[in-house]
Amino acid sequence: MEVDLVIKSKWIVPVVPREQVLTDHAIAIKDKKIFAIGPTESINTQYQCTNITSLNNHILIPGLVNAHGHAPMALLRGSADDIPLKEWLEEKIWPLEGKLVDRQFVFEGATQAIAEMIRSGTTCFADMYFFPDEVAKASLAAHIRVQLASPVLDFPTVWAQDADEYINKATQLHDDYRDSELVSTAFGPHAPYTVSDAPLQKLSVLAEELDLPIHIHLHETAQEISDAIASDGRRPLQRLQELGLLSTRLNCIHATQLQEKEIESIAEHGANILHCPESNMKLASGFCPVAKLVKQGINVGLGTDGAASNNDLDMFSEMRSAALMAKVVSEDARSVPAAIALEMATINGAKALGLESDIGSLEIGKAADITAINLDSINSQPVNNPLSHLVYCINSAQVSDVWCSGVQILDNGALTTLNLDKIMQTAETWQTKVVNQLSHNHG
Ligand SMILES: [Zn+2]
C-alpha cells in the first residue's frame, strides 16, 4: 500500500495512551492523517513511500497546543514589564494598543508569533485579539491550526463599537470559516469585568446553538474578585454560573483564585481551565491550584498568554513551569509529573478547544500534526527517560521538524511556509514605532 509520508523516529511519545514511549517506531501518513504507527521494520514492509524522513536521535510528539494567547502582542514584547495586571493593562497595554493596533499590526504581529510558535513545536494555538480575520489569514499562510476566540467587550475599540457589534462580527467569523480545515472559531468575552450580563447571556445561548467554546479570562487576580464583590456582591464565577455560562464549553483562563466549592462546581459542570503559569508568575497574579484541579478530574490545558506578559511563546518552558509551579504550590513533588504536563500541552488543550477528535495525540485517524525534537545535544544526554526529558531538560531550540495536517512547516530548523528574514525586518520596523510610542508616553 502506498502512503504519502513515512516518519521514522528513535522514540515516539503518542500521549495517548498515557506514559507510552515507543522505540524505533515509524508513523505512516496518508491524506493528511496518521494512517499507521508501528515498529519501523513492519512499517517498512507494509507501506510504500517515496517521501521518507529518518530521525535517528529524535522524539516525536503530537504538535503542541497553545490553548491561550494574544499572538499579535508579540510586537509589544518587553514593553510593559514588572508591574501588576491592572497597571499593565490600563496604564501600558491599552494606551499602546490604542495608538498602534490596526489590521497591519495584527497580521504582522500574528505572523511573527506564528513563526516563533512553529519553531518551538506548536501546531495549534487559540487566540483572542482584535481583527481575528487577520490572525486567520496569517495562520492559513503559515499552515498552522488556530482557534479564533473572537473578542467581545462592552466598550469601543478598533474592532467594534459595542457588545452587539463584537458578537455580530464573531458569528460572521464563524460563518466565514465554518468549513476551514485549519481555522476554528470560539467566543472570547475578554473578562467578567469588561463584559456585562446581557452580552454574556447572549453568548451562552449562541455558543450552544453554534456548538462553540467560550474563552474568558476568569479569576485572574485577587483584585478582580474583591472588585466584583464590591460592585455586585458576587464572585465572578458565581455570576457566570447564574448567567448560564458554566458548562463543558467554558474555558476559564488563569483561575488563580478558586475556593474549594468553586473547584467542585467547575468539576461538576465539566468546564475547562486554561493555565498560563508564566504570565501568572510574571504579573504576580497568583497560582492556579492545578494539583487540586487534576485530582478533581478537571481538564487543564496550557497556554503562554501573550508575549507582552510572558515574554515568549514557548510551550516547552510553559510545560516545565506548569510542572514546577504545581509542585511548589501543592508542596508535593508528585504533583503534575512529566506525562501530565505533556497532556496539558497537547490532548487537554485539544479537548478544551473541542478538537480532541482531530488533534492532541498521535493516534490512527487523527491529523498529522507532529513535532520532532532532536535529543542529540549535550543538555539532553544521556536519554535515560525520553518522556522526562520533554518536560524537564530539553529546550525549544531542539525542535527540528514540525508537520501540521501532513504539511511540513519546519524542516530541520527552517521555516518552510514563512520568510524568517522578512519577519525579522518587519519586527524592526515595529520596534521603532513601539519604542517611539513608549518614549512619547513617558514624556
Ligand atoms: Zn490572556
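Note that the coordinates shown come from a computational prediction; the quantities given were computed from them, not determined experimentally.

Caption draft 1: Layout of the overall build of the chain. Scanning the chain from terminus to terminus reveals 16 helices and 16 strands. A compact globule built from 443 residues would reach a C-alpha radius of gyration of about 22 Å, and the chain, at 21 Å, matches this within 12%. Expressed as a percentage of its 443 residues, the buried residues of the chain come to 60%. Sequence-distant contacts, at least 24 apart, represent 71% of the contacts inside the chain between residues at least 6 apart. Summed over all atoms, the accessible surface of the chain reaches about 17,400 Å², with 49% contributed by carbon and sulfur. Here the chain carries 32 positive and 56 negative side-chain charges, and the mean point of each set is 1 Å from the other.

Caption draft 2: Quick look at the nonpolar core. One finds Trp88, Ile118 and Leu390 to be the most contacted residues of the largest nonpolar core, which totals 116 residues. A per-element tally of this core places helix H3 (residues 103-119) first, with eight residues. For this core, the two domains that each supply at least three residues are domain 1 (5-62 + 362-412) and domain 2 (64-352). Among all residues touching isoleucine 118, those that are not within four sequence positions of it are Ala142, Ile144, Val399, Val402, Ile409, Leu410, Leu415 and Leu418. Counting 16 residues, the second largest nonpolar core, distinct from the first, contains Cys124, Ala149, Ile359 and Ala367.

Caption draft 3: Representation of the pattern of salt bridges in the model. A full pass over the atoms with the stated rule returns 21 salt bridges. Measuring nitrogen to oxygen at the nearest pair gives 3.2 Å for the salt bridge that ties glutamate 181 to lysine 32. Of this pair, glutamate 181 sits in the loop between helix H5 (163-176) and strand S8 (183-189) while lysine 32 sits in the loop between strand S2 (22-30) and strand S3 (33-39), and the two are 149 residues apart along the sequence. Between lysine 202 and aspartate 164 there is a salt bridge whose closest N-O contact spans 3.2 Å. A residue pair is termed long-range when its members are at least 10 positions apart, and lysine 202 in helix H6 (residues 197-210) and aspartate 164 in helix H5 qualify at 38 residues. Taking relative accessible area as the criterion, lysine 202 reaches 36% and is therefore assigned partly exposed. Taken together, the salt bridges that share partners define one network made up of Arg103, Asp133, Glu134 and Lys137.

Caption draft 4: Just the environment of valine 135, in detail. Tracing the backbone shows valine 135 in helix H4 (residues 132-142). What valine 135 contacts, discounting residues up to four positions off in sequence, is Pro72, Val106, Ala110, Phe125, Asp127, Val146 and Leu148.

Caption draft 5: Structural detail: the domain arrangement of the chain. Split into domains, the chain comes out as domain 1 (5-62 + 362-412) and domain 2 (64-352). Measuring from the centre of the C-alpha atoms in domain 1 to the corresponding centre in domain 2 gives 29 Å. Taken residue by residue, the interface counts 29 residues in domain 1 and 29 residues in domain 2. For the pair domain 1 and domain 2, the summed buried area comes to about 2,300 Å², and 65% of that belongs to carbon and sulfur atoms.

Caption draft 6: Here's a closer look at the packing of H3 against H4. For the pair H3 and H4, the least separation of the axes is 8 Å and the interaxial angle reads 40 degrees. When the axes of H3 and H4 are compared, the pair comes out oblique. Between H3 and H4 lies a crossing of right-handed hand. Where H3 approaches H4, its residues Arg103, Val106, Phe107, Ala110, Thr111, Ile114 and Ile118 are matched on the opposing element by Asp133, Glu134, Val135, Lys137, Ala138, Ser139 and Ala142. For the contact of H3 with H4, a count of residues per class yields eight nonpolar, two polar and four charged.

Caption draft 7: Examining H6 more closely. Look at H6: 20 Å from first C-alpha to last across 14 residues, which is about the 20 Å you get at 1.5 Å a residue. Restricting attention to buried positions, one finds in H6 the residues Pro199, Leu200, Leu203, Ser204, Leu206 and Ala207. Check the buried side of H6 and you find it contacts strand S7 (145-152), H5, S8, strand S9 (214-218) and helix H8 (236-242). Positive backbone phi, at 60 degrees, marks aspartate 211, one or two positions downstream of H6.

Caption draft 8: The arrangement of the packing of aromatic side chains in detail. Under the defined criterion, the tally for this structure stands at five aromatic pairs. The ring of tryptophan 159 is capped by lysine 169, whose NZ or CZ atom sits 4.2 Å from the centre of that ring.

Caption draft 9: Seen up close, the pairing of strand S13 (residues 370-374). In terms of residue burial, S13 counts as a mostly covered element, since four of its five residues are buried. Strand direction decides the pairing type here: strand S4 (residues 52-62) and S13, joined by five bridges, are antiparallel. Note that in S13 the partner of isoleucine 59 across the bridge is isoleucine 373. Two elements, S13 and strand S14 (residues 399-404), share four bridges in a ladder whose sense is antiparallel. Note that in S14 the partner of isoleucine 373 across the bridge is valine 399.

Parameters and conventions
Residues numbered from 1 in each chain as written. Predicted model: local features only at pLDDT ≥ 70, side-chain atom pairs only at ≥ 80, totals over all residues. Heavy atoms only, no water. Helix = DSSP H or I, 4+ residues; strand = E, 2+ residues; numbered from the N terminus. Rg over C-alpha atoms; globule rule 2.2 N^0.38 Å. Buried < 20%, exposed > 50% of the residue type's maximum accessible area, 1.4 Å probe, protein only. Contact = heavy atoms within 4.5 Å. Areas by Shrake-Rupley, 256 points an atom, 1.4 Å probe, with all protein chains shown as cover. Lys, Arg positive; Asp, Glu negative; His and termini not counted. Charge placed at Lys NZ, Arg CZ, Asp CG, Glu CD. Core = buried A, V, L, I, M, F, W, Y, C linked by side-chain atoms within 4.5 Å. Domains from an automatic or database assignment. Salt bridge = Lys/Arg side-chain N within 4 Å of Asp/Glu carboxyl O. Buried area = accessible area lost by both parts, 1.4 Å probe. Axes fitted to C-alpha atoms, helices over the stretch in contact; angles between N-to-C directions. Parallel < 35°, antiparallel > 145°, perpendicular 65-115°, else oblique. Left-handed = near helix turned anticlockwise from the far one by under 90°. Nonpolar A, V, L, I, M, F, W, Y, C, P; charged D, E, K, R; others polar. Expected span 1.5 Å × (residues − 1). Phe/Tyr/Trp six-rings, centres within 6.5 Å; stacked < 30°, edge-to-face > 60°. Lys NZ or Arg CZ within 6 Å of the ring centre and 35° of its normal. Pairing = 2+ DSSP bridges.

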